[in-house]
Amino acid sequence: MSVIKLLPDSVANQIAAGEVVQRPSSVVKELLENSVDSGAKTIRLIIKDAGKTLIHVLDDGIGMNKDDLKKCFFRHTTSKIRNSKDLYSLKTMGFRGEALSSIASVSHMSIISNQENTKSLGYEIKLEGGEEKLFNEVISSKGTSISVKNLFFNIPARRNFLKSDNVELKHIIDEFHRISLINHEINFIFINNDNELFNLSKSIFKERIIRIFGNSSKQKLIPINEETDLAKIKGFVFKPEYSRKTRSAQFFFVNNRFIKNSHLNHAVKTAFEGLIQDKLYPSYFLKINVPLNSIDVNIHPNKTEIKFDNDQSIYAILKSSIKHSLGQFNIAPTIDFDNNINLNTPYSYRNKDASIPKVDYNQAFNPFDNLNKPVSLKTKDFEITNSKDFVKTDQFKNELEILKTNSFPSFQLKSKYIITKTSAGILIINQKRAHQRILYENFLKDLSNKTNPVQTLLFPIKLDFNSEEIRMLNLLEAPLVHLGFKFNNFGSDNIEISGIHPFLNQKNINELFQDFLRNKDYNQDSAVHTLNDLIAKLLSKYSSISSNENINVKLQESLVNDLFACKDPNVSPFGKLIFKLISLEEIIKIF
Ligand code: ADP
Ligand code: MG
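This section reports on the structure supplied with the text.

## A short note on the overall build of the protein
When you go through the protein residue by residue, the secondary structure sums to 16 helices and 22 strands. The 591 residues of the protein split such that 49% are buried. In the protein, the share of contacts with a sequence separation of at least 24, taken over all contacts with a separation of at least 6, comes to 69%. In the form shown here, the protein has an accessible surface area of approximately 29,500 Å², with 50% of it arising from carbon and sulfur atoms.

## Some points on the sheet that holds strand 16 (residues 410–413)
Reading across the sheet, the four strands line up as 16-17-18-22 and stay open at both edges, with antiparallel pairing between neighbours. Lying at the two open borders of the sheet, with one neighbouring strand each, are strand 16 and strand 22 (579–583). Pairwise comparison of adjacent strand axes, ignoring direction, gives a mean angle of 25° for this sheet. Running at roughly 70° to strand 18 (residues 425–430), helix 11 (residues 431–447) makes contact with strand 16, strand 17 (417–422) and strand 18 of the sheet.

## Focus: the packing of aromatic side chains
The final tally for this structure, using the stated rule, is 22 aromatic pairs. Centre to centre, the rings of Phe205 and Phe236 are 6.2 Å apart; their planes meet at 40°, and the pair counts as tilted. In this pair, Phe205 is assigned in helix 7 (residues 205–213) and Phe236 in strand 10 (residues 232–238), connecting sequence segments 31 residues apart. Of the two residues, Phe205 and Phe236, both sit in the buried class. Counting every residue linked through ring pairs, the aromatic cluster contains Phe205, Phe213, Phe236, Phe238, Phe251, Phe253, Phe258 and Phe285. Sitting over the face of the ring of Phe161, Lys163 holds its NZ or CZ atom 5.3 Å from the ring centroid.

## Description of the side chain of Ser120
Within the secondary structure, Ser120 is located in strand 4 (residues 120–128). Using a relative accessible area of 17% as the deciding quantity, one classes Ser120 as buried. Once you skip the residues sitting within four places of it in the chain, Ser120 turns out to touch Asn114, Val138, Ile139 and Ser140.

## Remarks on the pattern of salt bridges
Summed over all chains, the structure comprises 14 salt bridges. The salt bridge partner of Glu132 is Lys70, with a shortest N-O separation of 3.1 Å. Of the two residues, Glu132 is situated in strand 5 (residues 131–140) and Lys70 in helix 3 (residues 66–71); the sequence distance between them amounts to 62 residues. Relative accessible area serves as the criterion here: at 32%, Lys70 is assigned to the partly exposed category. Between Asp533 and Lys537 there is a salt bridge, with its nearest N and O atoms 3.5 Å apart.

## Quick word on the side chain of Thr144
Here Thr144 lies in strand 6 (residues 143–149). Here Ser113 takes part through its side chain, which lies 2.8 Å from a polar atom of the side chain of Thr144. Here Thr144 is in contact with Val57, Leu58, Asp59, Gly63, Met64, Ile111, Ile112 and Ser113, once residues within four sequence places are set aside.

## Examining unusual backbone geometry
Its identity as a non-glycine residue notwithstanding, Asn255 has a phi of 45°, on the positive side. Owing to a relative accessible area of 17%, Asn255 belongs among the buried residues under this scheme. For Lys414, which is not a glycine, the phi torsion comes out positive at approximately 55°. Relative to the assigned elements, Lys414 resides in the loop between strand 16 and strand 17.

## Looking at the packing of helix 2 (residues 24–37) against helix 6 (residues 165–182)
At a minimum axis separation of 8 Å, helix 2 and helix 6 run at an interaxial angle of 20°. It follows from the interaxial angle that helix 2 and helix 6 lie roughly parallel. For the pair helix 2 and helix 6, the crossing hand works out as right-handed. Between helix 2 and helix 6, the residues in contact are Pro24, Ser25, Val28, Lys29, Leu32, Glu33 and Val36 and Glu168, His171, Ile172, Glu175, Phe176 and Ile179, respectively. When grouped by side-chain class, the residues that make up the contact of helix 2 with helix 6 number seven nonpolar, two polar and four charged.

## What to know about the nonpolar core
Leu31, Leu32, Leu45, Met109, Val148, Leu181 and Phe285 are the most contacted members of the largest nonpolar core, which has 57 residues in total. In terms of residue count, the dominant contributor to this core is helix 6 (six residues). Those residues in contact with Leu32 that sit more than four places away from it in its chain are Ile43, Leu45, Val57, Phe176, Ile179 and Phe188. Counting residues in hydrophobic clusters, the runner-up holds 35 residues, among them Phe487, Ile500, Phe503 and Tyr542.

## Some words on the sheet that holds strand 5
A sheet is described by the order of its strands in space; here eight strands give the open sequence 5-4-3-6-2-1-7-8, paired in mixed fashion. Looking at the sheet topology across the chains shown, the edges are occupied by strand 5 and strand 8 (195–200). For this sheet, the mean angle separating the axes of adjacent strands, direction not counted, is 10°. Two strands pair when backbone bridges link them, and strand 4 and strand 5 are joined in this way by nine bridges, in the antiparallel orientation. Residue pairing for strand 5: Glu124 is matched across the bridge by Asn136. Along the sheet, helix 2 makes contact with strand 1 (42–48), strand 2 (54–59), strand 6 and strand 7 (187–192), crossing strand 2 at roughly 10°. Seen against the sheet, helix 7 touches strand 7 and strand 8 and runs at an angle of roughly 165° to strand 8.

## Here we look at the environment of Asp562
Structurally, Asp562 is set in helix 15 (residues 553–564). Taking the relative accessible area as the measure of exposure, Asp562 reaches 8% and is therefore buried. On a C-alpha basis, the gap between Asp562 and His435 in space is 8.6 Å, while along the polypeptide they are 127 residues apart.

Procedures and definitions
Residues numbered from 1 in each chain as written. Chains lettered and ligands numbered in written order. Predicted model: local features only at pLDDT ≥ 70, side-chain atom pairs only at ≥ 80, totals over all residues. Heavy atoms only, no water. Helix = DSSP H or I, 4+ residues; strand = E, 2+ residues; numbered from the N terminus. Buried < 20%, exposed > 50% of the residue type's maximum accessible area, 1.4 Å probe, protein only. Contact = heavy atoms within 4.5 Å. Areas by Shrake-Rupley, 256 points an atom, 1.4 Å probe, with all protein chains shown as cover. Pairing = 2+ DSSP bridges. Axes fitted to C-alpha atoms, helices over the stretch in contact; angles between N-to-C directions. Phe/Tyr/Trp six-rings, centres within 6.5 Å; stacked < 30°, edge-to-face > 60°. Lys NZ or Arg CZ within 6 Å of the ring centre and 35° of its normal. Salt bridge = Lys/Arg side-chain N within 4 Å of Asp/Glu carboxyl O. Polar contact = N/O pair within 3.5 Å; in protein donor to acceptor, adjacent residues only side chain to side chain. Parallel < 35°, antiparallel > 145°, perpendicular 65-115°, else oblique. Left-handed = near helix turned anticlockwise from the far one by under 90°. Nonpolar A, V, L, I, M, F, W, Y, C, P; charged D, E, K, R; others polar. Core = buried A, V, L, I, M, F, W, Y, C linked by side-chain atoms within 4.5 Å.

Have a look at this one:
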């Protein structure tokens, strides 16, 4: 006897519903997308009790005629594709014909639709658990109104699984953001329990972002603009200092559809590297347009994940366009030291026009194959001065001279922090992190210098390792030699060091090599600059002053100046906050 049976439609729909409808916000997403597809100019979203009691979406789009209304809630009914070829040239949000049937099967649904321009007779259909209960003629205006009541009334397990109203509302707002941001040419109104949460009139993209994320976001936005044959990227990122603790302001819209893509997210993250703390997320609103046939949207029931043909290239384009824009905007903090009346702006770059960031280390430099050849440095405009104090570039010499003649008001707190004043308030600097940042940027430069000075050790240091450790350390030999290390022997079970970079404290050498071994993620395949980055980071860690070290006023001054001459004075090479400004306003508030 055959045991295989076709599932009844109602069961099949409920199973499909599990994929499409996880919570009220999924219903909101599907209904809003249908309204967008309908060509609506205005879309209204009304919910009660975070969508648990009611989700109602009204639009003034194309509407449905009697026949379509009778069919739209069947599974795989869609007006948006006719054949499988259409799948590769989709411009609409929906196309699987699953949403209405899935939602209908787990709720009480009512649809009113009318295709006429004037208020006239349209049709209404009422469904319970996907079963038609009523079909009527009703007077209505153009467009479609779909209300979904008592979601999951027939699946108590699902209903019980729903979170508090606050949490469910948060999910709905997230969906609303995603759809209303990209469809900024549509008016959106969103009412929750009779409170109007959003009333967004048609506008340009930037304006929509500001309307949704508040007026204060105006000054946070940096525009991104890139056009290549593979992709057009347009949009905005928030300046690094406005990064958030959550991912709540991260938006990719590929061909006008919100998508999640961890690979592209990584591209943005790396573009921000060194500019924001480890635990914060950059905010971005990016429209990426690619040829319709170069993506596959159909890999996920919610259609929020897509596959690109040119994954790697788009990654590279995205990363470089963001880096470029970040560089064009002065992302260094604007700090005015007011200890000198002649010196309103002690740092010459503050008044400079925005410019492309200076690449002052050569990322392409490969110490492995260039060891004996002279290295050509494309964009080098400074001479390195390997002095032992903190001053490394000429750029700020003039200001420094002036500062020196006027006693620099700074002191140390607990041998750990440097406190100084600026016209904006009191600046507290973590001395160790500041020094690490300065050294880190210097080591990166040094790695692309032709030669570097060596500090010869009086007594060579011998370190023992096993053969596996030696194999890993071998990779470091060339770049370290380039940085001024001298190895008498790089043997099979030990290395002997007779010279080191002048900044490095020789008592930390063993610890440094142990740390290299702990950071196993470098390998031959990884990009050279990743290895260089690690070397610069660890050397800065073991060369810096400690957080318990007395330094005199002159060194405090140099440290502060060198810090703000860095490309990124905000965070240490390990992503930790370097300084905090207590503003005058904050001080005034205290009293
Ligand atoms: P899909 O959007 O994948 O086509 P749905 O189940 O969401 O599938 O919708 C089924 C069909 O119902 C759509 O293809 C469309 O023809 C019609 N429809 C749904 N919502 C609307 C609306 N708001 N306005 C006009 N037509 C609609
Ligand atoms: Mg749909």
